[in-house]
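Report on the structure
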Amino acid sequence: MLLACIKRLEAVVEEETEALEARLPADIDGLNRRKSQGLLELTRLTRGLDPTGLDATTAIHLARLRDKLARNQQVVALHLRALEEIDDTLAQAALAAESDGTYSARTSLRS
């Protein structure tokens, strides 16, 4: 049961990471929901679990999942920073479009 959970979570994390890296259209909300559910399930399954008692296959998959989650975190953070920059640019453009120039600095070319 634990190994199946880890494999499902690996697949979701990998799918999200690949979609963001390739800038492909994806159901990010759906992926995020599936990832959150998988992490919750993993947390519940591993509560009170002795890590030294894991079989080699499960330990390998768990280590691989940790690496995939670290990469996913980097890609998601980069994606969020890009969205913040786009949001800032759009907000500045909207403010500039609404401004009548009353309070902006003007350069006069009077001789």
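Read on for an overview of the structure.

Moving on, we come to the overall build of the chain. Scanning the chain from N- to C-terminus turns up 3 helices and 0 strands. Its helices and strands in sequence order give the chain the pattern α-α-α, from N to C terminus. Here the chain holds 111 residues, and 20% of them are scored as buried. Long-range pairs, those at least 24 residues apart, make up 76% of the contacts in the chain between residues at least 6 apart in sequence. Surface accessibility of the chain: about 8,600 Å² in total, with carbon and sulfur atoms responsible for 55%.

A separate point is the side chain of N72. Structurally, the position occupied by N72 is in helix 3 (residues 56–98). Exposure remark for N72: the relative accessible area of 3% places this residue in the buried category. Apart from residues lying up to four places away in sequence, N72 is in contact with V13, E16, T17 and K35.

What counts, and where the lines are drawn
- Residues numbered from 1 in each chain as written.
- Predicted model: local features only at pLDDT ≥ 70, side-chain atom pairs only at ≥ 80, totals over all residues.
- Heavy atoms only, no water.
- Helix = DSSP H or I, 4+ residues; strand = E, 2+ residues; numbered from the N terminus.
- Buried < 20%, exposed > 50% of the residue type's maximum accessible area, 1.4 Å probe, protein only.
- Contact = heavy atoms within 4.5 Å.
- Areas by Shrake-Rupley, 256 points an atom, 1.4 Å probe, with all protein chains shown as cover.

The quantities given are spatial measurements derived from coordinates; they are silent on function.
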